Structures are given as structure tokens and as C-alpha cells.
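Understanding the architecture of this molecule
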Amino acid sequence: MVEKVPMEEPRYKLNAPIGVFDSGFGGLTVLKEIVRLLPQYDYLYLGDNARAPYGNRSFDTVHEYTLQCVELLFYRGCQLVILACNTASAKALRTIQQKDLPTIDSTKRVLGVIRPTTEMVGNYSKTKNIGVLGTMGTIASMSYPIEIEKFFPGAQVFQQACPMWVPLVENNEFDGDGADYFIKQDIDKLLSQNNTIDTIILACTHYPLLMNKIKKHLPAGIQIVSQGEIVAQSLVDYLNRHQDMESRFTKGKTVEFLTTDSTEFFDRYTQLFFGQEVKSQQVVI
Ligand code: DGL
């Protein structure tokens, strides 16, 4: 259960931001694109940095942590929460949607990042041989091959887990030589499975933060699909179809940040990636 953090009640009663959640910094790559396309709303981002990474954790643990974070965002006024995390989308989303939401509040919604990506990816690939790079949890869940098969029957999906990539980002090592070593190694392992892969999904929202190195080690001619723009566009479509939800959001153009770890590091790092000054609040879960 969420330990309720002290807050100014009246303010949160008036505020209904869109909630964006990730285990750490990765969801910022999605938030940035959402805010670019839909600047009119209020946003509340929560990074569970104290417990990141989620990638190697069990289904039960990822579900428990994700649900706690979703409940906290609901408590803070969010009517809709985007799980801007593939691991949480793969391992917790369905249970939250089908089992937890009906008992917590059936009028609220939680959406993930896998479905919007798999609906689109086949349109980018000519060979229909698609590579997926993700955390151990996302790859082991088989969510991408299963979902891609539904939308693009016959497409071949090749997967590679990259267990070191999220820790490189979370520990501010995204620019060093160690990052080059692991990124090259995992890309080579993926491409050795099939030599006509023409499209690669970065199936972890942290990975765009490693984009310079990924591009450096990827042969020319292979397209990279990162999720920020796709998820943002899919949210635009969702809100056009769900005016009832859209009308519940407050429209104050604010972006606020919560983290379960130290705010000092979070603010410095987030500012670097998000491109604006950040003053986060630490929350206890
Ligand atoms: N950004 C998360 C994802 O998209 C990272 C998961 C982790 O914490 O390992 O999968």
C-alpha cells in the first residue's frame, strides 16, 4: 500500500494532471514527446528511481511496484496514467487493467507503450524482419513477438535482452567507454540472428538516452523505432476518441516531477534530458 505523503489537499483536488510513470529516467523520453504534442494539459511524472531498474525483477515484484506508483499518481489527482515503461507495460499492465482498476476506481485508466508501438512497427519495415532490444523482463515476456504477430501476421521478430543498458543510464554512465562495449555487444548479438533485419525497436524507454552510441554501432540502413513519438500520437488519438476522459484533465500547462530517490541528482539529470529547469519532490512509497 502507498504510504500517503504529506500534501496540500485543496491543490490536488483542483489538479487533474496526466500521470506518466517509469522505473526511473526512461519515461522522460516519452513525456517529452507527449508534452510537445499536447502542451495544454498538466503533467505529473513519477520516477521510481530508488527501486530502478525493474528489468530483472519478477512479474510479482514489477506488478507490486507499478501498482504502488499508479496508486500514488491517482492519489495526486491523475485520472489517466501512462506506463512509460516497457517492463511495467509487459509485466503489470494487464493485471492492473483487469484486476486492480475495477476495485480501485473503474473510472480511471492506465495505458502502456507496447501496443501503440506494435500497431505501427510493421509499417516501417520492408523485409518484415524486425529486431527488438529490451530489458530481460520485456524480452522474456514475449510481449513484442505476440503483439506484432496480431497486427502484422508473418513478420519475423528477433529479440535481444540488454541488461546493462538501463543501469548505464541510471548511473550516469551513458556517455562512457563502458556504454560502447555493452551497446556494441548487444547490437551484434541481435544482428547475428538474421542479416535482413531492417527495423529495430528500442523497446525500453531508457534507450533513446543512449541514441548517439546506438547509432554509432548500428550499420547504416537499419531504422530505429523509438517510442516517444508513437506513444504521444497514440495518446492524441485516444483522447480524440475518449472526450469523457479528456474533459477531466486540468489544462494549466504545468509539468511536475516526483521521484522516490534523491531530488538533487534527479533534477540535474532530468534537466539535462528534458531541457528545462526541474524541481522535483521526493515521495515515499
Ligand atoms: N524504461 C524501462 C523500460 O521501458 C526500464 C525498465 C527497467 O527499469 O529496467 O523497460
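Throughout what follows, the structure given in this document is the object of discussion. Remember, it's a predicted structure, so these values are computed and weren't measured experimentally.

**A closer look at the overall build of the chain**
Counting its regular elements, the chain contains 14 helices and 10 strands. Against the 2.2 N^0.38 benchmark of 19 Å for 285 residues, the chain shows a C-alpha radius of gyration of 18 Å, consistent with a compact globule. Principal axes of the C-alpha set define a box for the chain whose edges measure 60 × 40 × 35 Å. Across the 285 residues of the chain, 58% fall into the buried class. Pairs at least 24 apart in sequence give 77% of the contacts found in the chain among residues at least 6 apart. Charged side chains of the chain number 28 positive and 32 negative; the gap between the two group centres comes to 4 Å.

**A few points about the sheet that holds strand 4 (residues 109-111)**
If you trace the 6 strands from one edge of the open sheet to the other, you get 4-3-1-2-9-10, paired in parallel fashion. At either margin of the open sheet sits one strand with a lone partner, and together these are strand 4 and strand 10 (281-282). By the bridge criterion, 3 bridges tie strand 1 (residues 18-22) to strand 3 (residues 80-83) in an arrangement that is parallel. Bridge pairing in strand 3 places V20 opposite I82.

**Points about the site of the ligand**
Close to the ligand lie 13 residues, the nearest being S23, Y54, T87, T205 and H206. Here a nitrogen atom of the ligand sits 2.7 Å away from a polar atom, N or O, in the side chain of H206. For the ligand, the protein covers 99% of the area, taking 290 Å² as the surface of the free molecule. Broken down by class, the residue content of the shell around the ligand amounts to 5 nonpolar, 7 polar and 1 charged.

**Focus on the nonpolar core**
Formed by 54 residues in total, the largest nonpolar core has its most connected members in L31, L133, W165, I200 and Y207. Here the element with the most residues in this core is helix 12 (residues 227-241); it accounts for 6 residues. Excluding residues within four positions of it along the chain, I200 makes contact with G131, L133, L190, L191, L218, I222, Q223, I224 and V225. With 24 residues, the next largest nonpolar core counts L46, I96, V110 and L258 among its residues.

**Notes on the layout of surface pockets**
Think of a ball as big as a water molecule: rolled over the atoms, this probe shows where empty space is left. By volume, the largest pocket amounts to about 790 Å³. Lining the largest pocket are 29 residues, and of these L93, Q97, G112, R115 and E147 lie nearest its centre. Of all the elements in the fold, those that place two or more residues in the lining of the largest pocket are helix 4 (86-91), helix 5 (93-104), helix 6 (114-121), helix 8 (143-151) and helix 12. With 6 residues, the single largest contributor to the lining of the largest pocket is helix 12. The class makeup of the residues in the lining of the largest pocket is 13 nonpolar, 8 polar and 8 charged. Taken together, 16 residues form the lining of the second largest pocket, with T29, E33, P208, S226 and E229 sitting closest to its centre. At the level of elements, helix 2 (28-37), strand 8 (223-225) and helix 12 are the ones that each hand at least two residues to the lining of the second largest pocket.

**Some points on the sheet that holds strand 6 (residues 156-161)**
Strand order across the open sheet formed by 4 strands is 6-5-7-8, with parallel pairing between neighbours. Either end of the sheet is taken by a strand with one partner, and the two such strands are strand 6 and strand 8. Mean inter-strand twist for the sheet, computed between neighbouring axes without regard to direction, equals 25°. Here strand 5 (residues 129-134) runs beside strand 6; their pairing, made up of 6 bridges, is parallel. Directly across from V132, in strand 6, lies its bridge partner Q159. Of the strands in this sheet, strand 5, strand 6 and strand 7 (199-202) touch helix 8, which is tilted by about 160° from strand 6.

**A closer look at the environment of D22**
Looking at where D22 falls in the secondary structure, it is placed in strand 1. Residue D22 is classed as buried on the basis of its relative accessible area, which comes to 1%. For the pair formed by D22 and A92, sequence separation is 70 residues and the distance between their alpha carbons is 12 Å. Those residues within four positions of D22 in sequence are excluded, and the remaining contacts are G27, Y45, L46, G47, D48, A84, C85, T205 and H206. There is a polar contact of 3.1 Å between the side chain of D22 and the backbone nitrogen of G27.

**Here we look at helix 6**
Every buried residue of helix 6 is listed here: I114, P116, T117, T118 and V121. Packing partners of the buried residues in helix 6 comprise helix 4, strand 5, helix 8, strand 7, strand 8 and helix 12.

**Describing the state of the cysteines**
Tallying each qualifying case throughout the model produces 0 disulfides. The thiol sulfur of C69 is not disulfide-bonded, and the nearest other cysteine sulfur, from C85, lies at 9.8 Å. Here C78 stays unpaired: no disulfide links it, and the sulfur of C69, its closest cysteine neighbor, is 12 Å away.

Conventions adopted
- Residues numbered from 1 in each chain as written.
- Predicted model: local features only at pLDDT ≥ 70, side-chain atom pairs only at ≥ 80, totals over all residues.
- Heavy atoms only, no water.
- Helix = DSSP H or I, 4+ residues; strand = E, 2+ residues; numbered from the N terminus.
- Rg over C-alpha atoms; globule rule 2.2 N^0.38 Å.
- Buried < 20%, exposed > 50% of the residue type's maximum accessible area, 1.4 Å probe, protein only.
- Contact = heavy atoms within 4.5 Å.
- Lys, Arg positive; Asp, Glu negative; His and termini not counted.
- Charge placed at Lys NZ, Arg CZ, Asp CG, Glu CD.
- Pairing = 2+ DSSP bridges.
- Near = heavy atom within 4 Å.
- Polar contact = N/O pair within 3.5 Å; in protein donor to acceptor, adjacent residues only side chain to side chain.
- Areas by Shrake-Rupley, 256 points an atom, 1.4 Å probe, with all protein chains shown as cover.
- Nonpolar A, V, L, I, M, F, W, Y, C, P; charged D, E, K, R; others polar.
- Core = buried A, V, L, I, M, F, W, Y, C linked by side-chain atoms within 4.5 Å.
- 1 Å grid on protein atoms, 1.4 Å probe; cavity = no way out; pocket = protein on both sides within 12 Å on 5 of 7 lines; lining within 4 Å.
- Points joined across faces, edges and corners; volume = space filled by probe spheres on them.
- Axes fitted to C-alpha atoms, helices over the stretch in contact; angles between N-to-C directions.
- Disulfide = S-S within 2.5 Å.

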